[in-house]
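Here are the chains, one letter per residue:
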Amino acid sequence: MSPAEPDTRAQLNDRIRAMLHRTSSRSRRVGALTAAAAVGALTLFSTVPAGAVVGDAATDGAYAFTAKLTIGDTFRTCTGALVDRNWVITAASCFADDPAQPQALAAGAPRWKTIATIGRTDLTGTAAGREVGVTELVPRQDRDLVLARLATPVDGIAPLAVATTAPTAGEKLRVPGYGRTKDEWLPAKLHSGMFTLDAVAPGGIDTTGIAGAAICKGDTGAPAVRETNGRAELVAVASRSWQGGCLGSPETRTGASSARVDDVAAWVNGVVHRRSVRGDANGDGRADGLMAYYHADGSIGFFTSLTDTSGQLGEFTSGYVVPPGGGWDRNSMKLVAGDFNGDGRTDLAMLYRRADGSIGFFTGLADASGHITGFQSSPKSVPAGANWDWNAIQLFSGDANGDGRDDVIMAYYHADGSIGFFTSLTDVSGQLGEFTSGYVVPPGGGWDRNSMKLVAGDFNGDGRTDLAMLYRRADGSIGFFTGLADASGHITGFQSSPKSVPAGANWDWNAIQLF
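This structure is a prediction, so every number in the text was calculated from the model and none was measured.

Criteria and cut-off values
- Residues numbered from 1 in each chain as written.
- Predicted model: local features only at pLDDT ≥ 70, side-chain atom pairs only at ≥ 80, totals over all residues.
- Heavy atoms only, no water.
- Helix = DSSP H or I, 4+ residues; strand = E, 2+ residues; numbered from the N terminus.
- Polar contact = N/O pair within 3.5 Å; in protein donor to acceptor, adjacent residues only side chain to side chain.
- Contact = heavy atoms within 4.5 Å.
- Buried < 20%, exposed > 50% of the residue type's maximum accessible area, 1.4 Å probe, protein only.
- Salt bridge = Lys/Arg side-chain N within 4 Å of Asp/Glu carboxyl O.
- 1 Å grid on protein atoms, 1.4 Å probe; cavity = no way out; pocket = protein on both sides within 12 Å on 5 of 7 lines; lining within 4 Å.
- Points joined across faces, edges and corners; volume = space filled by probe spheres on them.
- Nonpolar A, V, L, I, M, F, W, Y, C, P; charged D, E, K, R; others polar.
- Core = buried A, V, L, I, M, F, W, Y, C linked by side-chain atoms within 4.5 Å.
- Phe/Tyr/Trp six-rings, centres within 6.5 Å; stacked < 30°, edge-to-face > 60°.
- Lys NZ or Arg CZ within 6 Å of the ring centre and 35° of its normal.

### Digging into the side chain of serine 358
No. 1: The topology assignment puts serine 358 in the loop between strand 19 (347–353) and strand 20 (359–366).
No. 2: Separated by 2.7 Å, the side chains of serine 358 and aspartate 356 make a polar contact.
No. 3: Discounting chain neighbours no more than four positions away, the residues touching serine 358 are Tyr352, Arg353, Val382, Pro383 and Ala384.

Here's what the structure looks like:
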């Protein structure tokens, strides 16, 4: 059995030439995905002998979680599956220098430019689905499996759920893919085939195609899907096959081996739900330095210093620049950093006070090189008539509601002594929403702004950003408090910790800086 390795550039060219002479007939094979619908709404198709299938391609929107991976400008092509808005799962051999040695694949950025086309059943169209670059690879070392991080989140397409129940011999699995068919080198549409599960091993499964279904070149990384009561689950990822019945192959055997996913579900979840590294401008998993530089001529430059594997800062290189005379006033800007669109890169959000007293909300997203791009205005703002006191605003950032995108949290110190804690949730494009209220310290509550030191973080590990506070009491003691965020992203009442700094410790309040 040989790897069902991706097609080379030369093979793709041959395939394109063959397409010019192909007929309209199409046969089922494991690339021959006879698709149904997305997760939770599958339309199942009956299995028909391959010789009797004509035009057996997926209907629009079927198996929308399936991804076609184009690696190195068609140097290789593979199939994968969307398992999270930011991640596709596929075979490590797709990216390895030697596809027969997938365990040698290193974590990090892919060697070759890679584009994932997701949710596009018919590749000749552009209206449906998304084309997204791949920026990071997280491989397994014990099997042919890798998670590929997308450059931008994919919303509107339901990810494929990862199975947590072990597969069993005799089980039927469906495999969708974009690889060769019986009579097409380069199918324009997604196809699928049904397989019988023959054997289960600790790291993989063996299957045999039903009615001539086979895993062909270009199907490497395709999901082996369990369909139960209208729900689809990812059981395994295609790795190697005999390629029997595939165009150009003299083989007749349709057996295949796939890397199990069900027994590494915790690993998958750990990777896809990992928190973005705060300050990671280019999404490589290391924090970087972001700088706003206010020039004497009124221009403002936004610079990035990328770090290396030893943690050293690189030179600051320029991103967006506000030109001289651009009208930006440093004293009217409040900036905060965070991953506001959930793409794994740290952006900048800004509240800007205009001359009329209104306050605009803006986001400067980071691009793949880690540089801040031009600031985009949110449709939300604070009107001049709201009379917000600019000096009463203190901003923090973090994922307040646990949706994978950072939000903006504001402490607002009212003139009557009350203190409000507000949250602006971001949308998928990174734009700020309106500030809505959480906990409020009432007037006369006895809280002194100058006796508060606040810092943001997920202090209870529930995936939502909270606020922690050191509070200096009148006797010189310092209390520790935490205001947890609820599911809506709002800060709740502050709870006191049993730990504190006694008055006799004589801590100098002005000597304290929190991070």
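Now that the structure has been shown, the text picks up again.
### Regarding the environment of glycine 398
No. 1: Checked against the element boundaries, glycine 398 lands in strand 22 (residues 393–398).
No. 2: Among the residues examined, glycine 398 registers a relative accessible area of 0% and is labelled buried.
No. 3: A C-alpha to C-alpha distance of 7.1 Å links glycine 398 and alanine 456, two positions 58 residues apart in sequence.
No. 4: The contact partners of glycine 398, leaving out residues within four places of it in the chain, are Arg278, Asp406, Asp407 and Thr465.

### Let's talk about the pattern of salt bridges
No. 1: Counting across every chain of the model gives 16 salt bridges.
No. 2: Its salt-bridge partner being glutamate 171, residue arginine 226 comes within 2.4 Å of it at the nearest N-O pair. Taken together, the positions of arginine 226 in strand 12 (residues 223–228) and glutamate 171 in the loop between strand 8 (161–162) and strand 9 (172–177) put the pair 55 residues apart, joining distant regions of the chain. Each of the two residues, arginine 226 as well as glutamate 171, counts as buried.
No. 3: Between aspartate 284 and arginine 286 there is a salt bridge, with the nearest N and O atoms lying 3.0 Å from each other.
No. 4: Looking at aspartate 284, the relative accessible area reads 28%, which means it is partly exposed.
No. 5: On the accessibility criterion, arginine 286 (27% relative accessible area) is partly exposed.
No. 6: What emerges from the salt-bridge pattern is a single network uniting Arg140, Asp142, Arg143 and Asp263.

### Structural notes on the layout of surface pockets
No. 1: A volume near 530 Å³ is recorded for the second largest pocket.
No. 2: Every residue lining the second largest pocket is counted, 27 residues in all, and those nearest its centre are Val336, Ala337, Phe396, Ser397 and Phe515.
No. 3: Counting only elements with at least two residues in the lining of the second largest pocket, the list comes to strand 15 (289–294), strand 16 (300–307), strand 18 (333–338), strand 22 and strand 26 (452–457).
No. 4: Counting residues per element, the lining of the second largest pocket draws most heavily on strand 26, at five residues.
No. 5: Considered class by class, the residues forming the lining of the second largest pocket number 18 nonpolar, five polar and four charged.

### Some words on the nonpolar core
No. 1: Among the nonpolar cores identified, the biggest contains 49 residues, and Ile89, Ile118, Leu147 and Leu150 are the most heavily contacted of them.
No. 2: Breaking this core down by element, the ones donating at least two residues are strand 2 (66–71), strand 3 (76–84), strand 4 (87–90), strand 5 (114–118), strand 6 (130–139), strand 7 (146–150), strand 13 (231–241) and helix 2 (265–272).
No. 3: Leucine 147 has contacts with Val83, Trp87, Val88, Ile89, Glu136, Leu137, Val138, Trp267, Val268, Val271 and Val272, leaving out every residue within four places of it along the chain.
No. 4: The next biggest cluster of nonpolar side chains, apart from the first, holds 34 residues, and it includes Trp390, Ile393, Met469 and Phe481.

### Some words on the packing of aromatic side chains
No. 1: Considering all chains together, one arrives at 17 aromatic pairs under this definition.
No. 2: Centre to centre, the rings of tryptophan 447 and phenylalanine 494 are 5.6 Å apart; their planes meet at 75 degrees, and the pair counts as edge-to-face. Of this pair, tryptophan 447 sits in the loop between strand 25 (432–441) and strand 26 while phenylalanine 494 is found in strand 29 (residues 491–501), placing the two residues 47 residues apart along the sequence.
No. 3: Taken together, Phe302, Tyr320, Trp328, Tyr352 and Phe375 form an aromatic cluster joined through their ring pairs.
No. 4: Its end group placed over the ring of tryptophan 267, arginine 140 keeps NZ or CZ at 5.2 Å from the ring centre.
No. 5: The ring of tryptophan 509 is capped by lysine 453, whose NZ or CZ atom sits 4.9 Å from the centre of that ring.

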